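# Observations on the three-dimensional arrangement
Listed below, chain by chain, are the residues.
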Number of protein chains: 4
Amino acid sequence: MNSFGKVFRVSIFGESHGPAVGVTVDGCPAGIPVSPGDFTNELARRRGGRQGTTERAEEDIPEFLSGVFNGFTTGAPITAITRNRDTRSSDYDNIKLMPRPGHADFTAHLKYRGYADYRGGGHFSGRLTWGLVVAGVFARKMLPGTTFRAELISAGGKEDIEDAIAEAKKAGDTIGGIVECRVDGLPAGLGEPFFLSVESAISSGVFSIPAIKGIEFGAGFAAAAMKGSQHNDPITDISGTTATNNSGGINGGITNGNQLVFRVVVKPASSTGVMQKSVDLETGVIAPLTVKGRHDTLIALRVPVILESVTALALADLMIIDRGINFSAARWHE
Amino acid sequence: MNSFGKVFRVSIFGESHGPAVGVTVDGCPAGIPVSPGDFTNELARRRGGRQGTTERAEEDIPEFLSGVFNGFTTGAPITAITRNRDTRSSDYDNIKLMPRPGHADFTAHLKYRGYADYRGGGHFSGRLTWGLVVAGVFARKMLPGTTFRAELISAGGKEDIEDAIAEAKKAGDTIGGIVECRVDGLPAGLGEPFFLSVESAISSGVFSIPAIKGIEFGAGFAAAAMKGSQHNDPITDISGTTATNNSGGINGGITNGNQLVFRVVVKPASSTGVMQKSVDLETGVIAPLTVKGRHDTLIALRVPVILESVTALALADLMIIDRGINFSAARWHE
Amino acid sequence: MNSFGKVFRVSIFGESHGPAVGVTVDGCPAGIPVSPGDFTNELARRRGGRQGTTERAEEDIPEFLSGVFNGFTTGAPITAITRNRDTRSSDYDNIKLMPRPGHADFTAHLKYRGYADYRGGGHFSGRLTWGLVVAGVFARKMLPGTTFRAELISAGGKEDIEDAIAEAKKAGDTIGGIVECRVDGLPAGLGEPFFLSVESAISSGVFSIPAIKGIEFGAGFAAAAMKGSQHNDPITDISGTTATNNSGGINGGITNGNQLVFRVVVKPASSTGVMQKSVDLETGVIAPLTVKGRHDTLIALRVPVILESVTALALADLMIIDRGINFSAARWHE
Amino acid sequence: MNSFGKVFRVSIFGESHGPAVGVTVDGCPAGIPVSPGDFTNELARRRGGRQGTTERAEEDIPEFLSGVFNGFTTGAPITAITRNRDTRSSDYDNIKLMPRPGHADFTAHLKYRGYADYRGGGHFSGRLTWGLVVAGVFARKMLPGTTFRAELISAGGKEDIEDAIAEAKKAGDTIGGIVECRVDGLPAGLGEPFFLSVESAISSGVFSIPAIKGIEFGAGFAAAAMKGSQHNDPITDISGTTATNNSGGINGGITNGNQLVFRVVVKPASSTGVMQKSVDLETGVIAPLTVKGRHDTLIALRVPVILESVTALALADLMIIDRGINFSAARWHE
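Here we summarise the structure given alongside this text. (Residues numbered from 1 in each chain as written. Chains lettered and ligands numbered in written order. Predicted model: local features only at pLDDT ≥ 70, side-chain atom pairs only at ≥ 80, totals over all residues. Heavy atoms only, no water.)

## Some details on the relation of the copies chain D and chain A
The operation linking the two copies of the chain is a rotation about an axis combined with a translation along the axis. Which entries qualify depends on this criterion: The least-squares superposition of copies is restricted to C-alpha atoms, and to residues with a pLDDT of at least 70 in both copies. Residue contacts follow a heavy-atom distance rule, with two residues in contact if any of their heavy atoms lie within 4.5 Å.
Under the fitted operation, chain D is carried onto chain A by 0.0 Å of movement along the axis and a turn of 180 degrees, and the coordinates agree to an RMSD of 0.0 Å. Such a turn and shift between the copies fits a two-fold axis. Minimal C-alpha separation from the rotation axis in chain D is found for Gly324 of chain D, amounting to 1.7 Å. By residue overlap, the copies meet face to face through one surface: 100% of the interface positions of chain D are interface positions in chain A.

## A few points about the interface of chain B and chain A
We count it as follows: Note: buried area is the sum, over both parts, of the accessible area (probe 1.4 Å) each one loses when the two are combined. Salt bridges, as used here, are contacts in which a Lys or Arg side-chain nitrogen is within 4 Å of a carboxyl oxygen on Asp or Glu. We define a polar contact as two N or O atoms separated by no more than 3.5 Å, with the added condition that, inside protein, one atom must be a possible hydrogen donor and the other a possible acceptor, whereas residues neighbouring each other in sequence contribute only through side-chain atom pairs. Under the scheme applied, nonpolar residues are Ala, Val, Leu, Ile, Met, Phe, Trp, Tyr, Cys and Pro; charged residues are Asp, Glu, Lys and Arg; polar residues are all the others, including Gly. For two strands to be treated as a pair, DSSP must find no fewer than two bridges joining them. Strands are runs of DSSP state E lasting at least two residues, helices are runs of H or I lasting at least four, and both sets are numbered from the N terminus onward.
Counting residues at the interface gives 100 residues for chain B, matched by 100 residues for chain A. Together, the buried faces of chain B and chain A total about 7600 Å²; carbon and sulfur atoms form 67% of this surface. The tally of links between chain B and chain A comes to eight salt bridges. A salt bridge links Glu167 of chain A to Lys227 of chain B, with the nearest nitrogen and oxygen atoms 3.8 Å apart. Linking chain B to chain A there are 40 residue pairs in polar contact (both at pLDDT 80 or more). Partitioned by chemical class, the residues of the side of chain B that touches chain A number 45 nonpolar, 39 polar and 16 charged. When strand E10 (residues 212-217) of chain A meets strand E10 (residues 212-217) of chain B, the two strands line up antiparallel, connected through three bridges. Across the sheet, residue Glu216 of chain A finds its bridge partner in E10 of chain B, namely Gly214 of chain B.

## Remarks on the sheet that holds E10 of chain B
Under the convention used in this document: Fitting a line to C-alpha atoms yields each axis, with helices limited to the stretch in contact; the angle taken between N-to-C directions then spans 0 to 180 degrees.
Overall, antiparallel pairing links the eight strands, which are arranged E8(A)-E9(A)-E13(A)-E10(A)-E10(B)-E13(B)-E9(B)-E8(B) in an open sheet. Each edge of the open sheet carries a strand with a single partner, namely strand E8 (147-155) of chain A together with strand E8 (147-155) of chain B. Across the sheet, the axes of successive neighbouring strands diverge by a mean angle of 20 degrees, strand direction being ignored. With five bridges connecting them, E10 of chain A and strand E13 (residues 260-266) of chain A associate as antiparallel partners. Paired with Ile215 of chain A across the two strands is Val264 of chain A, which belongs to E13 of chain A. On top of the sheet, helix H5 (residues 198-206) of chain A reaches E10 and E13 of chain A together with E10 of chain B; it is set at about 160 degrees to E10 of chain A, its chief contact.

## With respect to the packing of aromatic side chains
The line we're drawing: Two aromatic rings, drawn from Phe, Tyr or Trp (for Trp, its six-membered ring), form a pair once their centres lie within 6.5 Å of each other, and the interplanar angle then sorts them: stacked below 30 degrees, edge-to-face above 60, tilted otherwise.
Enumeration over the complete set of coordinates arrives at 38 aromatic pairs over all chains. Consider the rings of Phe39 of chain A and Phe138 of chain A, whose centres lie 5.7 Å apart with planes at 50 degrees: the pair is tilted. Of this pair, Phe39 of chain A sits in the loop between strand E3 (20-26) and helix H1 (40-46) while Phe138 of chain A is found in helix H3 (residues 129-141), placing the two residues 99 residues apart along the sequence. An aromatic cluster is built from Phe4 of chain A together with Phe194 and Phe195 of chain B, whose rings are joined through pairwise contacts.

## As for the relation of the copies chain B and chain A
In screw terms, the move from chain B to chain A is a rotation of 180 degrees and a rise of 0.0 Å along the axis, fitting with an RMSD of 0.0 Å. Looking at the interface residues of chain B, 100% of them are also at the interface in chain A, so both copies use one shared face.

## Points about the pattern of salt bridges
Working definition: two side chains of opposite charge can pair if their charged atoms are close together. How we decide: Summary of the burial criterion: residues with accessible area below 20% of their type's maximum are buried, those above 50% are exposed, and those between are partly exposed, where the area comes from a 1.4 Å probe applied to protein chains only.
This structure, assessed with the given rule, holds 86 salt bridges over all chains. Asp105 of chain C serves as the salt-bridge partner of Arg100 of chain C, at 2.6 Å between the closest nitrogen and oxygen. Asp105 of chain C carries the same exposure label as Arg100 of chain C, and that label is buried. Across the salt bridge formed by Asp163 of chain D and Lys158 of chain D, the nearest N and O atoms sit 3.5 Å from each other. For Asp163 of chain D, a relative accessible area of 38% translates into the label partly exposed. Exposure remark for Lys158 of chain D: the relative accessible area of 27% places this residue in the partly exposed category. Connected via shared salt-bridge partners are Glu42, Arg45, Arg140 and Glu308 of chain A.

## Some thoughts on the interface of chain D and chain A
Across the boundary between the two partners, chain D contributes 11 residues, which contact 11 residues of chain A. Together, the buried faces of chain D and chain A total about 860 Å²; carbon and sulfur atoms form 52% of this surface. For chain D, the biggest contributors to the area lost against chain A are Lys6, Ile321 and Asp322 of chain D; these three give 43% of the whole. Inspection of the region where chain D meets chain A yields zero salt bridges. One can count seven residue pairs in polar contact (both at pLDDT 80 or more) joining chain D with chain A. Across the side of chain D that touches chain A, the residue classes tally to five nonpolar, two polar and four charged.

## What to know about helix H1 (residues 37-46) of chain D
Stated formally: This arc is built from the directions going out from the helix axis to the C-beta atoms.
Of all the positions in H1 of chain D, only Phe39, Glu42, Leu43 and Arg46 of chain D are classed as buried. Taken down its axis, H1 of chain D places every buried residue within 100 degrees of arc, on the same side.

## A word on the side chain of Thr24 of chain C
Along the polypeptide, Thr24 of chain C turns up in strand E3 (residues 20-26). At a separation of 2.9 Å, a polar atom in the side chain of Thr24 of chain C contacts the side chain of Thr79 of chain C.

So, in C-alpha cells, the structure goes:
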C-alpha cells in the first residue's frame with residue numbers, strides 16, 4: 001500500500017493531474033528544526049527544467065498542513081502538499097482507451113476496473129516522488145553526520161551522459177541509466193535480520209520509484225563471477241573497517257560501519273516520441289499510438305535525489321527501531 | 001524483523017545450532033489439503049548432500065505443531081518445526097572472538113552486544129530458510145495454475161556449472177552464481193502501488209535469503225543501455241499479452257498477465273577453505289583465520305527452491321490482499 | 001501512531017489551530033460512488049452549534065486532494081482536508097505553561113519536550129475526529145445493508161439528557177455520558193482470532209476518540225454478576241440466531257450474525273468553567289487556572305456519529321481481510 | 001491475526017488438543033537474563049488446580065526453541081512451546097455438530113467452513129493464553145522498576161469470592177467476575193496519540209483474552225455521572241503527580257506518571273454444567289446439549305496473571321517505540 005517504514009512511516013498520495021500531491025510523515029521525533037529553505041535544494045534537484053528532463057514546471061514548494069510549529073517538528077504527523085498547477089490533461093485523452101506500452105495504464109485500468117485516474121499516469125506518475133523527497137529531508141536530519149551521495153554513472157550504455165542525451169534526442173527516443181548511491185557516516189548495527197534487513201528495507205523503498213527495475217549492493221551482480229576469497233572483505237581493525245567493500249557495507253542485513261553502496265538501473269522512460277502500437281481497450285483493435293505530453297529523455301537524471309531520499313527514509317526507520325523516537329529526537333534537542 | 005507479508009504472514013525463528021528452526025504461517029486460508037509428502041520434494045531440493053553443497057544431513061521433516069487438522073489447514077496459524085540434530089558446535093569455537101570475513105559474525109556481535117548465538121552463524125544461518133520453503137508450499141497451493149521455476153544460469157562466471165564447481169573445489173574456494181526465476185500463470189492485477197508493488201514485495205523477501213546481493217526484473221540492468229522504443233513491450237491483444245517481456249511481467253508494480261521473470265545474484269559463500277585474516281574482538285590483534293565446519297562450494301545451488309518459495313509467499317500475500325482470505329480459500333473448498 | 005486498520009487503512013493528521021485537519025484512506029476499493037452531499041449529514045452530526053456543544057463553527061466541508069475522480073473512488077489513496085478557519089489561539093496563551101487538568105497538555109509537553117503545538121490541545125484535539133467521520137462515510141459504503149445507530153443513553157447520570165445539560169450549564173460545569181452503538185445487518189464470520197478480534201479492532205479504534213474511558217460489549221460489566229446459564233445466548237436456528245444477545249453479537253472475537261452492540265463511557269469535558277488548580281511548568285508553583293475558549297458542556301453529544309464511523313472503519317477492514325479489496329469493490333461495480 | 005505489538009511483537013499459536021501451544025517474541029532486546037525459574041510463578045498462577053478452576057493439569061513448562069543462549073536473550077526471535085499432554089478429546093465429540101452456546105464453536109465453524117479444530121475450542125481455547133504469560137515474563141523484565149498487580153475484586157456480583165464459588169458449584173453453574181489491574185512505577189510519556197494510545201494498545205491486547213467483554217480506565221463508566229470539576233485530576237507538582245486518579249494514569253492516551261489503573265469484566269464460562277439448547281449443524285434440529293469436559297466455575301480466577309502479562313506486553317512495545325530496542329536492552333546490559 002502507500003506507506004513505507006515501520007515506526008518512521010511515510011505515506012504518499014495524489015495523482016499527476018489531480019488537485020495536489022502530498023506526503024504524511026508519522027513517527028518523526030519532535031524538535032527537529034524546519035525552515036522553508038531546507039527543501040529548496042532537494043526539490044530543485046528533483047524538478048524538471050534541465051536538459052534531458054521534462055519541461056513541466058511546478059513550483060513544488062511544500063505547504064505544511066500539520067506537524068510543524070514555530071519552526072520545529074512537534075512529534076505529531078507532518079503532512080505537506082503541493083498543488084498541481086501546470087497540467088495539460090487533454091494531452092492524455094487518447095490514452096484513456098489506448099494504454100501506453102511500458103506504462104501502468106493497462107495494469108491500472110484492469111486492477112481498478114476502469115476507475116483509475118488515467119491522466120498523466122494518475123497515481124502511478126513520477127510526480128508522486130515529490131513526497132518522498134520532502135520526507136527525505138526529515139530523514140536526513142535524523143541522521144546527522146551521515147551523508148548521501150547518489151549520481152548517474154551511465155546512460156544509454158555510455159559514461160558520457162551528455163552525449164547519450166544528445167543522441168537520444170535526435171532519435172526522438174528515451175534512454176535508461178544506472179545510478180549509484182553511497183552513504184557515509186552510518187553507524188554500524190542498523191538493520192534487523194531477515195525481512196527488515198538493510199537490503200530489504202532499501203530495496204522495498206527503491207522499487208517504489210517508478211522506472212527502477214534492478215538493484216545491487218556492493219559488488220552486486222559481479223559477485224557471481226568472484227571467488228569467496230576475493231569477495232570476502234578482510235576486517236582490518238576492531239571497529240570493523242574492511243580493506244575492500246564487496247559487501248557494500250552490509251553483512252547479514254546489518255550495517256558494518258563501512259560505506260553503504262548500491263546501484264540501481266533506471267529503465268528508459270516509456271513515453272518515447274517514437275510511434276508505437278497498442279490495443280484499444282474497447283474494441284480490441286491494435287493501432288498505432290503516439291504519446292503526447294512533455295516527457296523526459298533521460299528520467300534517470302531525476303533519480304539521484306529520490307534515491308538518496310528513499311535510502312534516508314529506510315535508514316531513519318531502522319535507526320528509530322534501534323534507538324527509539326525519543327533517542328533520535330534527543331540528538332536534536334541538545 | 002522476522003515476519004514477512006501483510007495478511008498472509010510468515011515468521012521464521014531458530015538458530016543453526018539451537019534446538020530447532022521453525023516457521024509460523026498466519027493468515028492462511030482454511031481448507032487447504034496438507035499431507036507430509038507435500039514437503040518432500042521442495043525440502044530435498046533445499047537440503048545438502050549434492051555435489052557443491054554441504055555434507056550436513058538433517059532429515060528436515062516438518063513437525064506441525066498447530067494449524068493443520070485432519071489433513072487440512074484450519075485457518076489458525078500453522079507452526080512447523082524441525083529439530084537440529086547433526087551439529088558440531090565445536091567447529092565454531094574460534095569464531096566467537098574472530099569474526100569470519102563476509103559473515104554476519106561481526107555485525108551480530110556488535111548489534112547484540114555479545115549476546116548473539118554465534119555457533120554456525122546462529123540466527124543468520126542459511127538454515128533458517130527451511131521455514132521459507134515449508135511456508136512456500138502453502139503459498140504455492142494458494143496459487144493453483146501458477147508455476148514457479150527458478151534455475152541456476154551461471155556460476156563463477158561460467159555457464160558450465162559443473163566445470164565451475166570442479167575448479168573451485170580444487171582451489172578450496174567458493175563461487176557465486178546467478179539464479180533466474182520465472183512464474184507462469186499469474187493473474188494480472190496483483191500488486192499495490194508503490195511500497196507493496198510486486199517488485200517491492202518480492203525484493204524485500206528475496207533479500208532475506210542469505211548471500212543474495214542483487215535483483216533485477218525483466219531486462220534488468222541491461223535496460224540502462226536500451227532505448228524506450230526498444231524496452232517498451234508492445235501490447236498485442238486486449239488481454240494484455242506483450243510481444244516482448246522487458247518489463248518482466250510487471251508495469252507500475254502490478255502484474256500484467258505475462259510471465260513474471262527476475263534474476264538474483266548469489267555471492268560466493270563466505271566460508272571458504274582459503275586462509276583469511278580477521279580481528280580478535282578482545283585484543284584487536286589481526287590474525288589469520290581458518291574457517292572450519294562443513295560448507296558449500298556453491299551455495300547458489302540451494303537458492304532456486306528458496307527463491308521460488310519466497311516469490312510464492314510474496315504473491316500469495318498480494319493475492320489475499322486483492323481477493324481476501326476467504327476467496328482464496330474458496331478455490332480449495334470447491 | 002496515527003493509522004488505523006490493516007488493509008483498509010485510515011490515517012489522520014492536523015492540529016486544532018494549525019492550517020488544516022485531514023485524513024488519508026488507503027486500501028479503499030475503486031468504484032465507490034462519492035458525491036459532496038454524502039458527507040453533509042454525518043459532518044453536521046459531528047459539528048458544534050447545538051445545545052450542549054461548542055459554538056465554534058467550522059464549515060468543515062471536505063476538500064478531496066486525491067483518490068476520487070469523476071465521482072468515484074479510484075483505488076488510490078484518498079486524502080481529504082478541511083481548513084481551520086475560526087480559531088482564537090489567544091484563548092490558549094495561558095495553557096502554554098499551565099497544563100489544564102484532565103487534558104493532554106502535561107503529557108504532550110513532556111513527551112514532545114516542549115515542541116508540541118499546545119493551542120487548543122493541538123494534535124490531541126477532538127477536532128481530529130473530523131477525519132474519522134469522513135473516512136467512515138467510505139467504510140459505511142463498503143458495508144451495504146449494514147446500519148449503524150449510536151445514541152446517547154444517559155448524561156450526568158440521568159436519562160433525561162436535556163435536564164442534565166441545563167443543570168450543568170447553571171453550574172458552569174461539564175458532564176459525562178454513555179453512548180450505545182448498535183450495528184445491524186453485518187455478515188457472520190468477520191473478525192480474526194485474538195489480536196484482530198472484533199472487540200480488539202473496535203476498541204483500539206474507539207479509544208482514539210478523545211474522552212472515551214471505557215467500552216463494554218453485549219451484557220458488558222453486568223456479566224460479572226451473571227451465571228453462565230443466564231449469559232449464554234441460546235442458538236435458535238441454523239443461521240446462528242440467538243434468543244438473547246448477551247455476547248453483543250460476537251463469539252470468539254467473530255461476528256455471529258446477530259446485532260452487534262456495545263456501549264462506551266464519555267468522560268465530562270476537561271475544559272470546565274469551574275476554576276481549578278494546576279502547576280506552572282517553569283516555576284513549579286501551584287496556581288489557580290481558568291480555562292478560556294469555547295467548549296462543550298456535554299461532549300458525549302458529538303460522540304455517536306464518531307463512534308459509528310470508527311466502528312464502520314474497523315468492520316470494513318475486517319471485511320476486506322476476509323473478502324479482499326476487489327471482492328468488496330465488486331459489490332459497487334455491479 | 002495472531003500477532004500483537006508493533007516492534008516488540010508477540011505471536012501465539014496452537015490448539016487446545018493439538019500437539020502443542022506456543023509463542024514467538026520478536027523484537028526483544030538482547031542481553032535479558034532468562035532462567036527456567038523465571039516462569040514458574042506466573043505459569044502456576046495461570047494454571048488450573050485451584051478451587052474454582054479446571055482440573056486439567058498440564059505441566060506447562062516452557063521449552064525454548066530459539067532466541068535464548070547461555071542464559072540470555074540473543075536478540076533473535078524467542079519461540080517457546082509446551083506440549084499438550086492431558087487431553088480427553090472424546091469429551092468434545094458431540095460439539096462437532098452441536099455448537100456450545102456462548103462459545104466460538106458456531107462462529108469458527110462458519111468462518112473456517114468446517115475445517116476448524118473443534119476439540120476443546122481449538123485455537124479459541126483459553127489454553128492459548130499460556131504464550132501470553134510466557135511472553136509477559138520478558139516484557140516485565142524490560143520494565144524494571146514497574147510492578148503489575150491484578151486481582152479479582154468481585155465474582156458473581158459479590159465481593160466474597162469464595163462464597164460466590166461455593167454457591168455456583170452447588171448450582172452446577174459458572175460465574176463471572178471483575179478484575180482490576182494496577183501498574184506502578186511506569187515512566188510518564190509512554191503511548192502514541194490516537195491508534196496506539198495506552199488505552200488502545202492495552203484494550204486491543206486485553207480483548208484477546210477469552211471471556212473478557214469490557215474494559216474501563218480510571219473512573220471508567222462512573223465518569224458518566226461525574227462533573228468535569230470532579231473528574232479532572234488536579235496536578236499537584238511539576239512531576240505531574242495528581243491528587244486524584246480518575247484518568248487512571250493516562251491523559252491524551254499517554255502515561256502521566258501516576259498509577260495506571262483499569263478494570264475488566266470476565267463473563268461466566270460458557271461451559272456450564274447446566275443443560276442448554278443448541279442447533280445441530282447438519283440437520284438444523286434444536287436439541288438439548290450437555291457440555292462435557294473439565295471446566296472452570298470461575299474463569300476470572302485465572303485472569304489476573306494473564307491481564308498483567310498482556311498489559312506488560314503493550315507497555316513494553318510502547319517503551320521500545322519511544323526508546324528503541326537497544327536503549328531498553330542497555331538497561332539490562334549494565
